[in-house]
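# Reading the structure
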Amino acid sequence: MSVTFARRLVHGALTFAVAVSATVLGGTAAHAAAPRLALTALAFEQSVVDVTEQYASNKLTWTVTNTDPDATYIHGTVTMRMRSSVTGALVGHEWTAGYGFEETCCTDATYESGTPQESTYSYHLPVRRYSDATTATWEVIKVTISAGDRTTNISAAALQSFGYRFTARTLIDTSGPSVESIGLGGQLRKPYFYVGNGPATVTYDFMVQDNESGFWKGTIRLAGPGGAGVTMPFTWERDPYGSGVRCGRVYGGDRDGTYMSCSIEVTLPASADAGNWRVAALVLHNNAGGTTTYKNPAAPSITTTFNSTVQASGFAISPNPVNNWRSEVMAELTMSVTGATKGISAVNVDLGFGGCTQWGAPTVKSDGRIAVPVMVYRQTEKCDVQGISVVDGAGKVALYGTAFGAPDPGLKITRVPSPNPPVVLGATLDPSSLPASEVGQGSPKLTITTQVQVAPIDGLDVYLYDTDGNVLSSSGGGASQAEDGTVTSWLYLPWQGLAPGEYTVGFRVSDAAQKSSAWNMPDRSDSQTLPGGPVVLTITEG
C-alpha cells in the first residue's frame, strides 16, 4: 500500500452505510442490526497528474464492506467526471467503472483482494489531455454498492470525506467538435413522413469528430411550417455488455469521443401543420465544454403530410397474379389522384427488398388514372407494396402504406400457382448400346420428353440400375427445360466398367415450384412407369 493511499485511508475513515429498520404494530421495534453496505476507503494514487506531454491514468482504489456474514457476492459502480477550473461546473462525459467480487474478466475495475464482507478494488482512470484551462479537477461523483436485493448509493457530498479527487495539468482545447455530412438514416425511400395517425419519427445520421477533448453531447433542432420547431438532445452511452459505444441508434466510436457515429431520432408532433421541415441547427459540445453551432447546415429536408390536400384512391395492379415462372413480367400499378396542383410531378413505389421494382416514371392513362410500371422479376413469389408517395407540381404529398405508417392500400403482387408435379411423356438414350470396352470413355445422351406446365423443370437426378434393382451409378443437379418440353442430360457410367448385360435408367425430375416426380426407379414406392417403356442401356461383349 502506498503512503499516499494510507494517508487517505486515515482521512477517509468515516464509513457511510445504509441501515434497515422494522416497524411492528405501528411502532419501531428493536431487532438485530440489519446487514449494512458501506464504503470504508477510497483514494486516488496521485494528487496531481500531468498529461500535457502524453496520455496518463490515475489509479483509484476503494474498499467496500457488507456486514451480512452469509453474503457470497458484492458489486457496484464508481462514476467519475471532470470539473472545469474556469466555470466550476462538471463538464464532459462521465466515466463509470463496474466492479465485482472476484471478477477478473468482465468488469472495468480490478478485484484486488478480500471477501464478500470486505473487498478492495482498483481502476486506472484515463485522464483527458484537454480541458478549458491549464488545469482541471477529476472527482468521484457517485459510488454504488449492491449485494442481493440491497443497494447503497454514496453521494458526491458524502464522498468528500475521502480522497475523491485530484488535479490534472492539461492542454487547452480551443475548438469545438466538427461534423461531416448529415443524411437521413434508414431512408431508402423519399424523405416523406405521414403524421395523420400520430407523431412521426425522422432519423438523422452523421459523424462527429473532436481530436482533442472528445465529443460529449449535442442537440439537433428542426424547423417546420408555421414556426413549429422540435429540439432533441443527444449524447453517447456505453454498451452495458461490452466495450462499444452507442450514439442514438448506432454503435461506432471510441470512449474518448474523438470520433462518434450518431443516428439520432427526432419525433415530429402530430399536431404540426403539414409541410417542409429542415435542420435549423446542430449544436455540439466537447468534453472541455467547447461548443460548435451549425446553423442551417447542409442536410436533407423532409415533408410531412396527413393527406388532406392531395389524395389517391382506387389502387390496382394488373396483371395480378403474374406468370413469371419462365421470364420477368411488366405489371402496372394504377390509381386515381385528386386535389393535385400543377399535375403530378412524381410517384414513388416502395416494394421492399423483394424481386419487384418500379420501372420508370408515372404516366397518365386515357381515363385520367395514374399508372406506374412495375417490373416483376423471374420466379419472384410475391411482392408487397410497402409505400406509395404521390407528389404534385406544387410539392404537396400524399402517402400510403406501412413504410410511412400511412393508410395501407393492401397491394400485393403474387405469382400464379403451379399445382401439378412434372409429367414425363417418354425418354430415349443415345447410344442405347455400348461394347464393354467403351464404358467410361463417354456418356450416352439422355433425352427426356416432358409436358410443358406452369413451373419449368429445373432439376434432374439420374440413376443406373442392374437387374436386381441395385444402383450402380447416379448423378444429379440442375436442369433446363426447352420450349418443346425436352430435358437433356448425360448418363454417368461407373469408372470401373460394366459387365455385358442390360441396365435400366431411372430418374427424378423436379420443377421451380419444388414439386417432383420419379420414373422407372425400382427402389422408390412413388415411382411411375415411364410411357413408351423403360430406358435400357445394353452392354455388349468387346
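See the structure shown above.
None of these values were measured; they are calculated from a predicted model.

## Regarding the pattern of salt bridges
On inspection of all chains with the given rule, the structure shows nine salt bridges. Close ionic contact of glutamate 139 with arginine 83 constitutes a salt bridge, the shortest N to O distance being 2.7 Å. Here glutamate 139, found in strand β12 (residues 135–147), pairs with arginine 83, found in strand β7 (residues 75–84); they are 56 residues apart in sequence, far enough to count as distant. A relative accessible area of 6% places glutamate 139 in the buried class.

## A few points about the nonpolar core
Leu39, Leu42, Trp62, Met80, Val140, Val143 and Ile145 are the most contacted members of the largest nonpolar core, which totals 38 residues. Per-element tally for this core: the top contributor is β12, with six residues. In contact with leucine 42, other than residues within four places in its own chain, are Leu60, Thr61, Trp62, Val140, Val143, Leu159, Phe162, Gly163 and Tyr164. Membership of the second largest hydrophobic core comes to 29 residues, among which are Phe206, Val208, Phe215 and Leu268.

## Some thoughts on the environment of proline 409
Residue placement: proline 409 occurs in the loop between β36 (397–400) and β37 (412–414). According to the relative accessible area criterion, proline 409 is partly exposed, its value standing at 25%. Expressed as a C-alpha distance, the spacing of proline 409 and isoleucine 388, which sit 21 residues apart in the sequence, is 9.0 Å. Not counting residues up to four positions away in its chain, the partners in contact with proline 409 are Phe315, Ile388, Tyr400 and Gly401.

## Description of the packing of aromatic side chains
For the coordinates displayed, the defined rule picks out eleven aromatic pairs. An angle of 80° between the planes, with centres 5.3 Å apart, marks the rings of phenylalanine 101 and tyrosine 111 as edge-to-face. One end of the pair, phenylalanine 101, is in the loop between β8 (90–100) and β9 (110–115); the other, tyrosine 111, is in strand β9, and ten residues separate them in sequence. The exposure class assigned to phenylalanine 101 is buried, which follows from its relative accessible area of 10%. On the basis of relative accessibility, which here comes to 19%, the residue tyrosine 111 falls in the buried class. With centroids separated by 5.7 Å and ring planes inclined at 65°, the aromatic side chains of phenylalanine 206 and phenylalanine 234 adopt a geometry described as edge-to-face. A residue pair is termed long-range when its members are at least 10 positions apart, and phenylalanine 206 in strand β19 (residues 200–209) and phenylalanine 234 in strand β21 (residues 229–238) qualify at 28 residues. Residue phenylalanine 206 is classed as buried on the basis of its relative accessible area, which comes to 4%. By relative accessible area, which is 7% here, phenylalanine 234 ends up buried. An aromatic cluster is present here, built from Trp62, Tyr99, Phe101, Tyr111 and Tyr121 joined pairwise through their rings. Positioned above the aromatic ring of tryptophan 216, the side-chain terminus of lysine 217 is 4.3 Å from the ring centre. Over the aromatic face of tryptophan 325 sits the side chain of arginine 415, whose NZ or CZ is 3.7 Å from the ring centroid.

## Regarding the state of the cysteines
Considering all chains together, one arrives at two disulfides under this definition. Here cysteine 247 connects covalently by a disulfide to cysteine 262, the sulfurs 2.1 Å from one another. Between cysteine 247 and cysteine 262, the S-S torsion sits near 90°, and that sign places the bridge as right-handed. On the criterion of sequence distance, the pair formed by cysteine 247 in strand β22 (residues 245–248) and cysteine 262 in strand β24 (residues 259–268) is long-range, its members being 15 residues apart. Of the two residues, cysteine 247 and cysteine 262, neither departs from the other in class, the shared state being buried. Here cysteine 356 connects covalently by a disulfide to cysteine 383, the sulfurs 2.0 Å from one another. Taking the sign of the S-S torsion, about 90° here, the bridge from cysteine 356 to cysteine 383 comes out right-handed.

Definitions and cut-offs
- Residues numbered from 1 in each chain as written.
- Predicted model: local features only at pLDDT ≥ 70, side-chain atom pairs only at ≥ 80, totals over all residues.
- Heavy atoms only, no water.
- Salt bridge = Lys/Arg side-chain N within 4 Å of Asp/Glu carboxyl O.
- Helix = DSSP H or I, 4+ residues; strand = E, 2+ residues; numbered from the N terminus.
- Buried < 20%, exposed > 50% of the residue type's maximum accessible area, 1.4 Å probe, protein only.
- Core = buried A, V, L, I, M, F, W, Y, C linked by side-chain atoms within 4.5 Å.
- Contact = heavy atoms within 4.5 Å.
- Phe/Tyr/Trp six-rings, centres within 6.5 Å; stacked < 30°, edge-to-face > 60°.
- Lys NZ or Arg CZ within 6 Å of the ring centre and 35° of its normal.
- Disulfide = S-S within 2.5 Å.

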